[in-house]
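# Observations on chain architecture
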Amino acid sequence: MKTKLLLITIIAFSWNCHAQILDNLMKKAEKAAERTVERKVEQKVEKKTEEGMDKVLNPKKKSAKENNGTTAEKNSKKKKNAKSANDFVAGTKVIASDDFAQDAVGDFPVNWSTNSSGEVVTFDGSETKWLKLSDKGNFTPNNFKKLPDNFTFEFDLYSTEEFSYYSSGLRIGFIESKKKNDYLRWSEFKNGDEGVILGLHPQVAGGQSKGQAYFKVINNGGEIMTNEVETESYNNSNSTAKVQIWRQKNRLRMYINGDKIWDLPNAFQDAQYNGIVFYLYNYHEKDDFYYIANLRLAEAGKDTRHKLIETGSFTTNEILFDTNKSTIKPSSAKVLGELGEALKENPTVKINIIGHTDSDGKDSDNLKLSQQRAESVKNYLNKNFGIETSRMTTEGKGETEPISTSNTEEAKKQNRRVEFKII
């Protein structure tokens, strides 16, 4: 009996101790939880306090969230869409052209020379004739020998689908040829003395869906300038291209399917460019080929628009008036059209229009007439092209600033002119 009583007492005592331990643990847990909550509340309070103080001390500073929104908003406002003009103007005086109409399908064209081979072909569903270029060779059109200071050269280009990156690009060279076969001096690994070389390839490295455009300038046998860019205008996904090349004295512009790829102010050097050559090194795949068609070389007019914008002044005697009047003749429409387009494309440009006359007649009458003619040009540009009159001032110089002091008819024609200056 005593033993049982002792056992019960021990068990009760143990249970009581265990309960006290559990109770103590629960209380500690509760206090720990309370401290955790307190700390979180304190942190929030401290953060709010800091933000509140920051707004008081730095009223212009914004929170990260506000800054992100503001930055995005600013970026959205700053984003601008660039505008570019397709300003290619084909020459109207054709010097030479070739659509291979006189050549039989399967033959190499009679008006061309090569050290390789090629053949005229057609494609299903089209009557257009193309010259298929074989590899490792040079190809030159024999009738394209006159390359004036201002010309345009156009042709159609096609390359077979899935054209290999490892096949060479197609080069188009405007060269100085002193001997009959100087066109053979040009290749991937050698150059002649003088040439402006353009290159195209429908595939860049890495399998991207982009093509490549390239140029180099050779002067006195040495390379003085070169560059290459990627292009989406001509690639394996868009393997047919209209290639347009425009020379304006030293300047070269190249367009592919209407997109301007190159605009080089000093590409053409002081050389007698008198030949065009196409060349390539090799085709890596047996199914790779370049085809060209519809070649056209034409003499171009002076680049009125760019001359005014880029040099700040332009003078012309192509704006004609009725004798002793300020009425503009219809034959002046072309040059005035070019000037009007230039001013439309450059809306911030302001110009001064200056009239000049020859020395026939009274000085006072010529001064008045020159002013009236400048006003007529101003009104013409406003009426036909919407150029605001606030962008144009006028001035008359009469006969006071002649280009030539000779009394010949040619000298008088030079002196009767209109001058445009950017102000």
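Residues numbered from 1 in each chain as written. Predicted model: local features only at pLDDT ≥ 70, side-chain atom pairs only at ≥ 80, totals over all residues. Heavy atoms only, no water.

### So, the sheet that holds strand S8 (residues 195-201)
- Reading across the sheet, the seven strands line up as S2-S5-S14-S7-S8-S9-S10 and stay open at both edges, with antiparallel pairing between neighbours. Each edge of the open sheet is held by one strand with a lone partner, namely strand S2 (112-114) and strand S10 (222-231). Taken over all neighbouring pairs, the strand axes of this sheet differ in orientation by 20° on average, direction set aside.
- As judged from the five bridges shared by strand S7 (residues 170-175) and strand S14 (residues 275-280), these two strands associate in the antiparallel manner. By the bridge assignment for S14, Gly 173 is matched with Val 277. (Pairing = 2+ DSSP bridges. Helix = DSSP H or I, 4+ residues; strand = E, 2+ residues; numbered from the N terminus. Axes fitted to C-alpha atoms, helices over the stretch in contact; angles between N-to-C directions.)

### A short note on the packing of aromatic side chains
- As enumerated under the stated definition, the model contains 26 aromatic pairs in all.
- Where Phe 163 meets Tyr 290, the ring centres are 4.7 Å apart and the plane angle is 40°; that geometry is what we call tilted. Taken together, the positions of Phe 163 in the loop between strand S6 (150-159) and S7 and Tyr 290 in strand S15 (residues 290-299) put the pair 127 residues apart, joining distant regions of the chain. Each member of the pair, Phe 163 together with Tyr 290, is buried. (Phe/Tyr/Trp six-rings, centres within 6.5 Å; stacked < 30°, edge-to-face > 60°. Buried < 20%, exposed > 50% of the residue type's maximum accessible area, 1.4 Å probe, protein only.)

### Quick notes on the environment of Asn 138
- With respect to the helices and strands, Asn 138 occurs in strand S5 (residues 137-141).
- Between the C-alpha atom of Asn 138 and that of Ser 187, which follows or precedes it by 49 residues, the distance is 7.8 Å.

### Considering the nonpolar core
- By size, the foremost hydrophobic cluster in this structure holds 51 residues, and its most contacted members are Phe 153, Phe 174 and Phe 278.
- In this view, Phe 174 contacts Leu 147, Phe 151, Phe 153, Glu 194, Gly 195, Val 196, Leu 198, Ile 245, Phe 268, Tyr 273, Gly 275 and Ile 276; residues no more than four positions away in its chain are not counted.
- Ranked by size, the runner-up nonpolar core spans 20 residues in total, among them Val 335, Ala 374, Met 392 and Phe 420. (Core = buried A, V, L, I, M, F, W, Y, C linked by side-chain atoms within 4.5 Å. Contact = heavy atoms within 4.5 Å.)

### Some thoughts on the pairing of strand S18 (residues 392-398)
- Most of S18 sits inside the fold, with five of its seven residues counted as buried.
- Traced from strand S17 (residues 351-356) through helix H5 (residues 363-385) to S18, the parallel crossover comes out right-handed. (Right-handed = clockwise from strand over helix to strand, strands pointing away.)

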